[in-house]
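Listed below are the residues making up each chain.
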2 protein chains.
Amino acid sequence: MGSTPYLRLDEAILQRNIEAMARVAATAGVALRPHAKTHKSPEVARRQLAAGAVGLTVATIGEAEVFADAGCTDLFIAYPLWVDSAAATRLRALGDRVRLAAGCDSVEAAANLIGLPLEVLVEIDSGHHRTGVVPADAGPLAARIADLGVRVRGVFTFPGHSYSPDGRHAAAVDEATALATAAEAMARAGVPADVVSGGSTPSAGFVEQGVLTELRPGVSVFGDAQQVELGTIGFEDVALTVVATVVSHAHGRVVTDAGSKALGADRAPWASGFGRVLDRPDARVVALSEHHATIEWPGALPPLGSRVQLVPNHVCTTVNLADEYHLATGGTWPVAARGRNG
Amino acid sequence: MGSTPYLRLDEAILQRNIEAMARVAATAGVALRPHAKTHKSPEVARRQLAAGAVGLTVATIGEAEVFADAGCTDLFIAYPLWVDSAAATRLRALGDRVRLAAGCDSVEAAANLIGLPLEVLVEIDSGHHRTGVVPADAGPLAARIADLGVRVRGVFTFPGHSYSPDGRHAAAVDEATALATAAEAMARAGVPADVVSGGSTPSAGFVEQGVLTELRPGVSVFGDAQQVELGTIGFEDVALTVVATVVSHAHGRVVTDAGSKALGADRAPWASGFGRVLDRPDARVVALSEHHATIEWPGALPPLGSRVQLVPNHVCTTVNLADEYHLATGGTWPVAARGRNG
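Caption draft 1: How the structure looks around the pairing of strand β5 (residues 99-104) of chain B. Residues and elements named next belong to chain B. Within β5, five of the six residues are buried, which leaves the element mostly enclosed by the surrounding structure. Direction of pairing for strand β4 (residues 74-80) relative to β5: parallel, over a ladder of five bridges. Across the sheet, residue Ile77 finds its bridge partner in β5, namely Ala102. When β5 meets strand β6 (residues 119-123), the two strands line up parallel, connected through four bridges. Across the sheet, residue Ala102 finds its bridge partner in β6, namely Val120.

This is the structure we're talking about:
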C-alpha cells in the first residue's frame, strides 16, 4: 500500500453516510447542499449529488472553481467574501457557467458584488458568535443590499456551537429560532428569503421542521473523532482514517508516524485527546508532534512495524493535508481542492 | 499580490536569522545542521548551507528525497524510521548519492537497516518523553545495533520540553546531561559517539559547551508566535507571516480569511491565543475556524477589506499548508517538500 501515513477511505461507509444524510434532509423536508470543504473531492461530490443533493456548499472561490471544473452547476460560497478586483474577475467567470451564491454580512462587502453574476445569502449569527449579523438586523441589511441592485436569495447561518457535548439539540433550536427571526425581518423589509439555510453535522439530526429550507452538513460524509465523542455517530460510521506505522514503544506507549502534519492539530477543550484509534476505543492519543502521535494503549502493544488506523479529531483539516485518498477497495482519488484557501 | 491568505517571507529577516543561528553554533563550537522540516525549501536550505551549516536535518524519507534532488549532500533523518521493503529501496537510492544517517531507538528497527548505505544515531529521551531510550541504555542499544553490522555514528535527542515558559535553560541542561550520560555509556560499550546531536530553537541559546557536537534547530529560521511568547525572539525577528484580509467586523471584532487551514491549529496550553498580529502586540486571535481567525482588537478596527499580517503559533505546520512563499521583494519560492510525510 505504499508508505505511511496515508488517508484510507472506505467507500461502502462513505456511501452509507451520504445516503443517511440524504434521508435526514428528506425526512425534514429540506434541500441538502453538503459542504465540500470536508472532502475537496469531485468523486465524493458526484456521489452526494447522485443521492439527491441540490448543489454544493464551498468555503472559498478556489474551491468553487474546482467543483465547477468538475461539472457541479450550483454552488454556494458560504462565506462573507471580501471581493477585490481579482476576486471579481474569478467570480464573473464562475457565475457565467454555474448558478452561484455567496454569503454577506455587511453593506460594505455587498457593494463589491454589484454587477456580478451571483446572488447573496445574508449571514446571521445563531449563537456561534463568529461572523453574521444578529437575526433582527437581517431585514435592514437585506434591504440595503437589494437597494444596491444585488439580488438577495435568502439567509444562512452556521450553528457552530453545536460542537459541544450535550449542546447539539440546543444549537439546532437556536438555529431555527434565529433563522425564523431573520426570515420574518427580511419579509417585513420587503426582501423575502427564498432560501433559509442552516445545518452542521452535530445539529442536523435535530433540524426543526418548518423553518429551514436547506441543510449544509460537511463532516457527516466521513465522520471523525469529534463526532464520535459528541455522540453524533459511532466508530462504525467513520469512513476515513489515517493509516500509520508503529515506530516506537518508548516509555511503554505506542508512537506512530502520523502526527499533526497528517492528522491535523485540532483539539476541542472537550476532546479526549488528539484523535482516536479505530477498533481500540480504550486507546488515547495523548500527545502529538509533527510526525509523532503518542498513544496510551492499555494491554499488549501492537508490534513495532504494525499498522494502525487513526481517527482524526476534525477530518476537514486532515484531508487538507493530503494529496490523495487511498480507497479501501484499491485505487486513489485526488484531494482536488487541497490548499484552495483563497 | 493575488488573493489572500498567503505566506509572506521577508528575505532580509530570514538572512539575519540564518546568520544569527550560525553565530550561536560557532560560539558554542558545534556544527549546525538545521531542521529543514520547518521550511521545506531548497532556496532556504541553500542559504543555510552557505552560512556554514554542515548539512540538513529532515523528518522523513520524502523530505530527504526533495533535498537530495536539490543538491544537498549530507542528510540526517532525525526520526526512528521503521523501514519496510519500499522504504529500503528509497533509502538505498538516497544513500548512493548523499551521506545519509537515520535515527533509531530499538534493535527491531535497526534490523531493517542492515545492508543499507546509511549510519545510525541512537535516539535518547532527554525529558520530552516522546521517542528515544533512557540515556544509560544508549550504550547497550548501540552495541546491539553495531553487532548487526549497522554503523553507529552517534547519539541524538530532541529536548522538546524546552517549549515551555521559563523552561528553555532547564531543558538545555537536561539535554546536555542526558547526552553526556549516553555518550559515556556508548564509549563504555565500545561504540563511541562521533556525533552528539541536540538542539531546539528555544534551547539553542543555552547550549552547554563541551558535550554537544551538533545543533539541529528548525523554527529559528523564520520565528513564530510560540518563540515570541517563549521569549526566544522578538516580533522584529519574525520572517514569515500569513497575509489575511479583514472580512467581517461582527461583534466588534476583526475576522480574517486566514483560519486553521492557512495558519495551522497548534496551540500550546501556555499560548495566549491561536496566533498573533504583526505590529499589534495587544491584539489576540481568540478563535479559529478553518477559514476564520477571530481577533480581539483594542481600539479602532482595521477597515473591512484591509490586510493584516498574522504570526502563526507554530510555523512548521503553517508552511506545510501552502504551496509557495511570496517574497516581500517579489517573486515566489515553492514549498517543495510540502506534504512529504512518508
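Caption draft 2: Summary view of the relation of the copies chain A and chain B. The transform that puts chain A on chain B rotates by 180° and translates by 0.0 Å along the axis, for an RMSD of 0.0 Å. Both copies of the chain, as the preceding transformation shows, are related through a two-fold rotation axis. Of the C-alpha atoms belonging to chain A, the one lying closest to the rotation axis is found on A:Ala265, 2.7 Å away. Interface overlap between copies: 100% of the residues of chain A at the interface are likewise at the interface in chain B, consistent with a symmetric, same-surface contact.

Caption draft 3: The interface of chain A and chain B, seen in detail. Each partner contributes residues to the interface: chain A has 54 residues there, and chain B has 54 residues. Interface area, chain A with chain B, both sides summed: about 4,300 Å², of which 52% is carbon and sulfur. Taken as a group, A:Tyr79, A:Arg130 and A:Lys261 account for 16% of the area that chain A buries against chain B, more than any other trio of residues on that side. Summed over the shared surface of chain A and chain B, the result is six salt bridges. Here B:Asp323 ties to A:Arg338 by a salt bridge, and the two come within 2.9 Å at their closest N and O atoms. Counting the contacts that link chain A with chain B gives 24 residue pairs in polar contact (both at pLDDT 80 or more). Where the side of chain A that touches chain B is concerned, the elements lending two or more residues are β4 (74-80), β10 (240-248), β11 (254-256), α10 (260-263) and α11 (315-319) of chain A.

Caption draft 4: Local environment of the sheet that holds strand β8 (residues 195-198) of chain A. All names here are of chain A. Pairing is parallel across the open sheet formed by eight strands, whose spatial order is β2-β9-β8-β7-β6-β5-β4-β3. With one partner strand each, in any of the chains shown, β2 (31-32) and β3 (56-58) form the two edges of the open sheet. Across the face of the sheet, helix α7 (residues 168-188) comes into contact with β7 (152-156) and β8 while running at roughly 150° to β7.

Caption draft 5: Fine view of the environment of B:Asn112. Residues and elements named next belong to chain B. Tracing the sequence through the fold places Asn112 in the loop between α5 (107-111) and β6. Along the sequence, Asn112 and Leu9 sit 103 residues apart, while their C-alpha atoms lie 40 Å from each other. Once residues lying within four places of it in the same chain are set aside, the contact partners of Asn112 are Trp82 and Val83.

Caption draft 6: Representation of unusual backbone geometry. With an omega of -5°, the peptide bond between A:Thr4 and A:Pro5 qualifies as cis. Positive phi, normally seen in glycine, also occurs at A:Lys40, with a value near 55°. As for its position among the elements, A:Lys40 is in the loop between β2 and α2 (42-50). Positioned with a positive phi, B:Asp279 is a non-glycine residue whose angle comes to about 70°. When you line up the elements, B:Asp279 lands in the loop between β12 (276-277) and β13 (284-288).

Caption draft 7: Looking closely at the packing of aromatic side chains. All names here are of chain A. Applying the stated criterion across every chain yields a total of four aromatic pairs over all chains. With a centroid separation of 5.0 Å and an interplanar angle of 90°, the aromatic rings of Phe76 and Phe156 are classed as edge-to-face. Taken together, the residues span a long stretch of sequence, with Phe76 in strand β4 and Phe156 in strand β7 at a distance of 80 residues. On the accessibility criterion, Phe76 (1% relative accessible area) is buried. The aromatic ring of Phe274 is capped on one face by Arg267, whose charged end is 4.8 Å from the ring centroid.

Caption draft 8: Representation of the packing of helix α3 (residues 61-69) of chain A against helix α4 (residues 85-95) of chain A in the model. Residue and element names in this part refer to chain A. One way to put it is that α3 packs onto α4 with a least axis distance of 11 Å and a crossing angle of 25°. The orientation of α3 relative to α4 falls into the category roughly parallel. The crossing of α3 and α4 is left-handed. Judged by residue contacts, Ile61, Gly62, Ala64, Glu65 and Ala68 of α3 engage Ala87, Arg90, Leu91 and Leu94 from α4. For the contact of α3 with α4, the per-class residue count stands at six nonpolar, one polar and two charged.

Caption draft 9: Up close: helix α3 (residues 61-69) of chain B. Residues and elements named next belong to chain B. When you tally the buried positions in α3, you get eight out of nine residues, the bulk of the element. Along α3, the positions that sit buried rather than exposed are Ile61, Gly62, Glu63, Ala64, Glu65, Val66, Phe67 and Ala68. Contacts from the buried residues of α3 go to α2 (42-50), β3 (56-58), β4 and α4 (85-95). One or two residues past the end of α3 sits Gly71, with phi positive at roughly 105°.

Caption draft 10: Quick peek at the packing of helix α1 (residues 11-28) of chain A against α2(A). Residue and element names in this part refer to chain A. Viewed as axis vectors pointing N to C, α1 and α2 meet at an angle of 40°, and their least axial separation amounts to 9 Å. One element, α1, and the other, α2, form an angle in the oblique class. Relative to α2, the crossing made by α1 is right-handed. In this structure, α1 uses Leu14, Gln15 and Ile18 to contact α2, whose residues at the interface are Val44, Arg47 and Gln48.

Criteria and thresholds
- Residues numbered from 1 in each chain as written.
- Chains lettered and ligands numbered in written order.
- Predicted model: local features only at pLDDT ≥ 70, side-chain atom pairs only at ≥ 80, totals over all residues.
- Heavy atoms only, no water.
- Buried < 20%, exposed > 50% of the residue type's maximum accessible area, 1.4 Å probe, protein only.
- Helix = DSSP H or I, 4+ residues; strand = E, 2+ residues; numbered from the N terminus.
- Pairing = 2+ DSSP bridges.
- Least-squares fit on C-alpha atoms with pLDDT ≥ 70 in both.
- Contact = heavy atoms within 4.5 Å.
- Buried area = accessible area lost by both parts, 1.4 Å probe.
- Salt bridge = Lys/Arg side-chain N within 4 Å of Asp/Glu carboxyl O.
- Polar contact = N/O pair within 3.5 Å; in protein donor to acceptor, adjacent residues only side chain to side chain.
- Axes fitted to C-alpha atoms, helices over the stretch in contact; angles between N-to-C directions.
- Phe/Tyr/Trp six-rings, centres within 6.5 Å; stacked < 30°, edge-to-face > 60°.
- Lys NZ or Arg CZ within 6 Å of the ring centre and 35° of its normal.
- Parallel < 35°, antiparallel > 145°, perpendicular 65-115°, else oblique.
- Left-handed = near helix turned anticlockwise from the far one by under 90°.
- Nonpolar A, V, L, I, M, F, W, Y, C, P; charged D, E, K, R; others polar.

Limitation: the analysis is restricted to geometry and does not speak to function.
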